Amino acid sequence: MIRTVDLDAPVPDAVPGAGIIIATGSRFDTAHAEHWLQHATCTLSETETADRRVIRVASVPEALAEITDRCARWPQAAAICDDVLRAVDPAAPALSGLITESLAYSVLQAGPEFADWLAARGPATVPDTADPMLLDRDGDTLRLRFNRPQRHNAFDNATRAVLLDGLAVAAADPAIDEVVLSGVGPSFCSGGDLAEFGGFTDVPSAHLARTRHSPALALDELTARLGARCRAEIHGQVLGSGLEMAAFCGWVQAHPDAVLGLPELRLGLIPGAGGTVSVTRRIGRWRTAYLILSGRTIDVATALSWGLVDGIAS
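To start, this report covers the structure provided alongside it. None of the values given here were measured: they were computed from a predicted structure.

1. As for the sheet that holds strand E7 (residues 178–183)
Part 1: Here six strands make up an open sheet; going across it, the order is E5-E6-E7-E8-E10-E12 and the pairing mixed. Of all the strands in the sheet, the pair left with one neighbour each is strand E5 (133–138) and strand E12 (311–312).
Part 2: Alignment of strand E6 (residues 141–146) against E7, held across six bridges, turns out to be parallel. Counted as the bridge partner of leucine 142 is valine 179 from E7.

What follows is the structure, given as structure tokens:
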């Protein structure tokens, strides 16, 4: 399923079609290398470079084995992830990318890999939270805080509803000139609440909800209006949908303890909260693919050097 190539490999007569291609090597300045850097899913190297198509790893053989194993375990999700990242244009309006992402996510929701994960998880109940999100206005600043600290602010439908209400207030009131998204407790947001996954079996309605009532689109629109004054203050676990939403903000300030990642592949899924758009806009499709296919998390220093965060809190 995975094709591996060296950056020095001859360029084929025909451009490779769809499929996961992992390039490796340490020389980036040849015509052959440029071809593979551009067309590969991502490139692994033990050599430092500023090229965002390349991921520096401690051991190329170990990183390649890890990605190969994960793609073998979840081949459908991995292949569809690669398809989506190649199809989404990060320079285009967010809606078109979100529709592409959501349609792919819906396919995987109905597929065997997600079904296997649900069966292994077993029955689960989402605990009630009285105030899953706190909204506070201080003058012209609106603060939105995830408030499920006992769940590391895992994102559920109740949280989503309150967040959408808060973002709608910010969108409707031109006097609000700053929006701050943060989290109460040990983490900013650890991603979707896994206890809620699989509870909504109407896949078409789920797609319409993701694309018609989307926090991602609301954050994207606020960032277009406010720029860096629509910001996320992240700490602790910043995973899955938490990272995807934060990345839409005009400025992301990270606490030194933040850990960032996109773990959805192990559920037989891809990011579904707009991450193939927001994360790709910040770090390119190649590093986004690495985060998803490897399942690895990164620290704030790496996130800053990649452009996934804009500053580190002192």
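2. Some details on the packing of helix H2 (residues 60–73) against helix H10 (residues 275–294)
Part 1: Between H2 and H10, the least distance of the axes is 9 Å, while the angle of their chain directions is 65 degrees. Judged by the angle between their axes, H2 and H10 are roughly perpendicular. Here Glu66, Ile67, Arg70 and Cys71 of H2 lie close against H10, whose contacting residues are Tyr290, Ile292, Leu293 and Ser294.
Part 2: Class assignment of the residues belonging to the contact of H2 with H10 gives a composition of five nonpolar, one polar and two charged.

3. So, H10
Part 1: If you check H10, its first and last C-alpha atoms are just 16 Å apart, much less than what 20 residues at 1.5 Å a residue would give, namely 28 Å.
Part 2: The element H10 is largely enclosed, with a buried count of 19 among its 20 residues.
Part 3: Directly beyond the C-terminal end of H10, a positive phi value near 75 degrees is found at glycine 295.

Parameters at a glance
Residues numbered from 1 in each chain as written. Predicted model: local features only at pLDDT ≥ 70, side-chain atom pairs only at ≥ 80, totals over all residues. Heavy atoms only, no water. Pairing = 2+ DSSP bridges. Helix = DSSP H or I, 4+ residues; strand = E, 2+ residues; numbered from the N terminus. Axes fitted to C-alpha atoms, helices over the stretch in contact; angles between N-to-C directions. Parallel < 35°, antiparallel > 145°, perpendicular 65-115°, else oblique. Contact = heavy atoms within 4.5 Å. Nonpolar A, V, L, I, M, F, W, Y, C, P; charged D, E, K, R; others polar. Expected span 1.5 Å × (residues − 1). Buried < 20%, exposed > 50% of the residue type's maximum accessible area, 1.4 Å probe, protein only.

By themselves these figures say nothing about function.
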